[in-house]
Amino acid sequence: MDRTQRLRWQQRCHRLITVQVALWMRPPARVLLCERDCNRWADVYHHPDYTYPDQVVPLCNLCHHRWHARNEPVYPDKPIYEKGMTQHG
Ligand SMILES: [Zn+2]
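The structure presented is a predicted model; accordingly, all values stated were derived computationally and were not measured.

Conventions used here
Residues numbered from 1 in each chain as written. Predicted model: local features only at pLDDT ≥ 70, side-chain atom pairs only at ≥ 80, totals over all residues. Helix = DSSP H or I, 4+ residues; strand = E, 2+ residues; numbered from the N terminus. Buried ≥ 20, exposed ≤ 12 C-beta atoms within 10 Å, placed from the backbone. Expected span 1.5 Å × (residues − 1). Contact = placed C-beta atoms within 7 Å.

## Focus on the environment of Lys 78
Piece 1. With respect to the element layout, Lys 78 can be found in the segment after α2 (61–70).
Piece 2. A residue is classified by how many C-beta atoms lie within 10 Å of it, and Lys 78, with 10 of them, is exposed.
Piece 3. Considered as a pair, Lys 78 and Arg 8 are 70 residues apart in the sequence and their alpha carbons are 11 Å apart.

Structural data, given as structure tokens:
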């Protein structure tokens, strides 16, 4: 899984959450408390595993940065193809 593929999965999953918030399918992260019990409001929906695009955790920016300093998210094994790309196989 190269960096481009990881970025594509991130973008696809972030877009899904943005759309869900826009359609009121989930509240904006900022009205939720950070799940790390730090008593701050969440700033972002964090994806621990991009295999599950709608499984997200509300985190504040600080806890989010801490998580990424210590952990690596899970990425799906399969490559992702953007619109306009030729698919082979
Ligand atoms: Zn926090």
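## Examining helix α1 (residues 3–22)
A turn of α-helix holds 3.6 residues, and therefore any two residues three or four places apart point the same way.
Piece 1. The terminal C-alpha atoms of α1 lie 28 Å apart, and with 20 residues this matches the ideal 28 Å at 1.5 Å per residue to within 8%.
Piece 2. Directly after α1, the chain includes Trp 24, whose backbone phi takes a positive value near 60 degrees.

## Overview of the environment of Leu 59
Piece 1. Looking at where Leu 59 falls in the secondary structure, it is placed in strand β2 (residues 57–59).
Piece 2. Remark: the alpha-carbon pair of Leu 59 and Leu 33, spanning 26 residues in sequence, is separated by 7.4 Å.
Piece 3. Sequence-distant contacts of Leu 59, that is, excluding residues within four places in its chain, are made with Cys 34, Glu 35, Arg 36, Ala 42, Val 44, His 46, His 64 and Trp 67.

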